[in-house]
Amino acid sequence: MYFSLVAGFSLHKVSLCCCDSVVSAVLCVTVVQGQDGWGVTYTSTKICAFKGSTVDIHCTYTYPPRINDQITAVKETYWFTKKRNKEPVDLRTDSDYTGRVQYHCAENSCTLTITDLRESDSAEYKFRFITNQDGGCFTGSPGVTVSLLPVLPSVSVSPSGQIVEGSSVNLTCSSDANPAANYTWYKENEDSPKASGQIFTITDVRAEHSGNYYCECICVYVSCLLMSPPDPPKLPSVSVSPSGQIVEGSSVNLTCSSDANPAAKYTWYKTNGNLELQPLSKESLTFSSIQSSDSGDYHCTAENELGNNTSKSISIDVTCETYLSVSVSVCCCSSGSRCSRVLHFYSVTDFLKQSIFIPKCDSVTV
């Protein structure tokens, strides 16, 4: 008796391991993560991608707007995977990525795009920025791990050709998954798996074994065995950087985060006097030069395909730095003659500092 076994393939299930966003960093000087507004936030810490495809890795970053009366300015931003002579190597200068990387950086955010992914691109990617402050260079660590998903697996039947009842048959499934994939075999129109492993062996072929078979390739990450099941966003938390008093003209960043699977998309709202909500931005909300008109209550929403959730409001109170032009007319006696001098002060602080140098006078008029 002769019959045939047809081996097919399917990639109808892929385990994507995208853990929650993590804020972590290492500064060139000794600081505590998040201290004084320093920080790097990656949208995802693990990304799966296909060989030959394109991947985007996104992050936002914060830093104190001023240190010791010096305004902080970002001088350089770049991504890296390795170091040379203990210094990170900018991907744009790394020969392994020539012509395949692009940076899309805006204020306080940067996206790395890698095209034509290769097996050697499986690595941990970190973002680094350098400021004009003494020791003010910062690296987000741990970074983002990119792993290649398997391409469509190839299958084979051994021995090939006609299969005789009672003989032994091997069905083999293979792919260039990185990290290594787990394989499961199914028979068409049957829900329960027939076998697991790269090779499915039928030692005593019978008529009921005839049919179409396919293998399923699953990309597995040991570090994510505790990955949560699909879940709508939890109650979002909001934070303001820098903390403390907010002075008009300074840089302020509002961050919204929520545990969700798949990852949530964020939208910020401001509540006006009529309690009507006006959407302002997505993800983090950055004011490069905040004004008193920006004062008010803000909240964010987190949403994925399973639902949405709204954070509690956070109040922003922008303090105006008051400048006062003061004209002081000073009349002084000197050797019996009278002279006058007009001093101008341009702020209350300046007046208080300099007024002690005003000589003794008959009268002082402000």
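Quick caveat, the model's predicted, so the values are computed rather than measured.

Focus: the overall build of the protein chain
Link 1 in the chain: Tallying secondary structure elements over the protein chain gives one helix and 36 strands in all.
Link 2 in the chain: Out of the 366 residues in the protein chain, the part that is buried amounts to 36%.
Link 3 in the chain: Long-range contacts, defined here as pairs at least 24 residues apart, represent 63% of the contacts in the protein chain between residues at least 6 apart.
Link 4 in the chain: Accessible surface for the protein chain amounts to roughly 20,500 Å². Of this, 50% is attributable to carbon and sulfur atoms.

Regarding the nonpolar core
Link 1 in the chain: Ile57, Trp79, Leu112, Ile114, Tyr125 and Phe127 are the most contacted members of the largest nonpolar core, which totals 28 residues.
Link 2 in the chain: Put simply, the parts of the chain that give this core at least two residues each are strand S4 (39–42), strand S5 (46–50), strand S6 (55–62), strand S9 (74–80), strand S12 (101–106), strand S13 (109–114), strand S14 (123–131) and strand S16 (144–149).
Link 3 in the chain: Broken down by element, the residue count for this core peaks at four residues, all from S6.
Link 4 in the chain: Aside from chain neighbours lying at most four places away, what touches Tyr125 is Tyr42, Ile57, Trp79, Phe80, Thr81, Leu91, Tyr97, Leu112, Ile114, Gly143, Val144 and Val146.
Link 5 in the chain: Within the second largest apolar cluster, 17 residues are counted, among which are Ile246, Val252, Ile314 and Val318.

Here we look at the environment of Val101
Link 1 in the chain: For Val101, the location among the structural elements is in strand S12.
Link 2 in the chain: According to the relative accessible area criterion, Val101 is buried, its value standing at 15%.
Link 3 in the chain: For the pair Val101 and Leu112, spaced eleven residues apart in the sequence, the C-alpha separation amounts to 7.0 Å.
Link 4 in the chain: Discounting residues that sit within four places of it in the chain, Val101 has contacts with Leu91, Arg92, Leu112, Thr113 and Ile114.

Observations regarding the sheet that holds S6
Link 1 in the chain: If you trace the four strands from one edge of the open sheet to the other, you get S4-S6-S13-S12, paired in antiparallel fashion. Bordering the open sheet on either side are S4 and S12, each of which pairs with just one other strand. Between one strand axis and the next, the sheet turns through 20 degrees on average, direction left out of account.
Link 2 in the chain: Where S6 lies against S13, six bridges are found, and the strand directions are antiparallel. From the neighbouring strand, Thr60 faces S13, where its bridge partner is Ser109.

Topic: the state of the cysteines
Link 1 in the chain: Counted under the stated rule, the structure contains two disulfides.
Link 2 in the chain: Disulfide pairing places Cys105 opposite Cys110 at an S-S distance of 1.9 Å.
Link 3 in the chain: The class of Cys110 is buried, set by a relative accessible area of 0%.
Link 4 in the chain: Here Cys256 connects covalently by a disulfide to Cys300, the sulfurs 2.0 Å from one another. On the sign convention where negative means left-handed, the S-S torsion of about 65 degrees between Cys256 and Cys300 marks this disulfide as right-handed. Remark: Cys300 occurs in strand S30 (residues 296–304) and Cys256 occurs in strand S26 (residues 252–257); sequence separation between them is 44 residues.
Link 5 in the chain: The exposure class of Cys256 is buried, given its relative accessible area of 7%.
Link 6 in the chain: Judged by its relative accessible area of 0%, Cys300 is buried.

With respect to the packing of aromatic side chains
Link 1 in the chain: If you walk through the whole model with that rule in mind, you get 15 aromatic pairs.
Link 2 in the chain: Aromatic pair Tyr78 and Phe80: ring centres 6.4 Å apart, planes at 55 degrees, arrangement tilted. Taken individually, Tyr78 and Phe80 each receive the classification buried, so the pair is uniform in this respect.
Link 3 in the chain: An aromatic cluster is built from Trp38, Tyr42, Tyr61, Tyr63, Trp79, Phe127, Phe129 and Phe138, whose rings are joined through pairwise contacts.

Topic: the side chain of Asp294
Link 1 in the chain: Within the secondary structure layout, Asp294 lies in the loop between strand S29 (285–287) and S30.
Link 2 in the chain: Despite its burial, Asp294 remains without a salt bridge, the nearest opposite charge being carried by Lys270 at 5.2 Å.

Things to note about unusual backbone geometry
Link 1 in the chain: Look at the link from Ser141 to Pro142: it is a cis peptide, with omega at 0 degrees.
Link 2 in the chain: For Pro142, the position within the fold is in the loop between strand S15 (137–140) and S16.
Link 3 in the chain: In the segment running from Ser241 into Pro242, the intervening peptide bond is cis, with an omega of 0 degrees.
Link 4 in the chain: Position of Pro242 among the secondary structure elements: in the loop between strand S24 (237–241) and strand S25 (246–247).
Link 5 in the chain: Despite not being glycine, Asp69 has its phi angle at roughly 65 degrees, a positive value.
Link 6 in the chain: Following the sequence through the fold, Asp69 ends up in the loop between strand S7 (66–67) and strand S8 (70–71).
Link 7 in the chain: At Asn85, a residue that is not glycine, the phi angle is positive and equals roughly 55 degrees.
Link 8 in the chain: The topology assignment puts Asn85 in the loop between strand S10 (83–84) and strand S11 (87–88).

Description of the pairing of S12
Link 1 in the chain: Sheet analysis places S12 next to S13, joined by six bridges and oriented antiparallel. Considered in S13, the bridge of Tyr103 is made with Leu112.
Link 2 in the chain: Where S12 hands over to S13, the hairpin turn is made up of two residues, of which Asn108 adopts a positive phi near 65 degrees.

What counts, and where the lines are drawn
Residues numbered from 1 in each chain as written. Predicted model: local features only at pLDDT ≥ 70, side-chain atom pairs only at ≥ 80, totals over all residues. Heavy atoms only, no water. Helix = DSSP H or I, 4+ residues; strand = E, 2+ residues; numbered from the N terminus. Buried < 20%, exposed > 50% of the residue type's maximum accessible area, 1.4 Å probe, protein only. Contact = heavy atoms within 4.5 Å. Areas by Shrake-Rupley, 256 points an atom, 1.4 Å probe, with all protein chains shown as cover. Core = buried A, V, L, I, M, F, W, Y, C linked by side-chain atoms within 4.5 Å. Pairing = 2+ DSSP bridges. Axes fitted to C-alpha atoms, helices over the stretch in contact; angles between N-to-C directions. Disulfide = S-S within 2.5 Å. Phe/Tyr/Trp six-rings, centres within 6.5 Å; stacked < 30°, edge-to-face > 60°. Lys, Arg positive; Asp, Glu negative; His and termini not counted. Salt bridge = Lys/Arg side-chain N within 4 Å of Asp/Glu carboxyl O.

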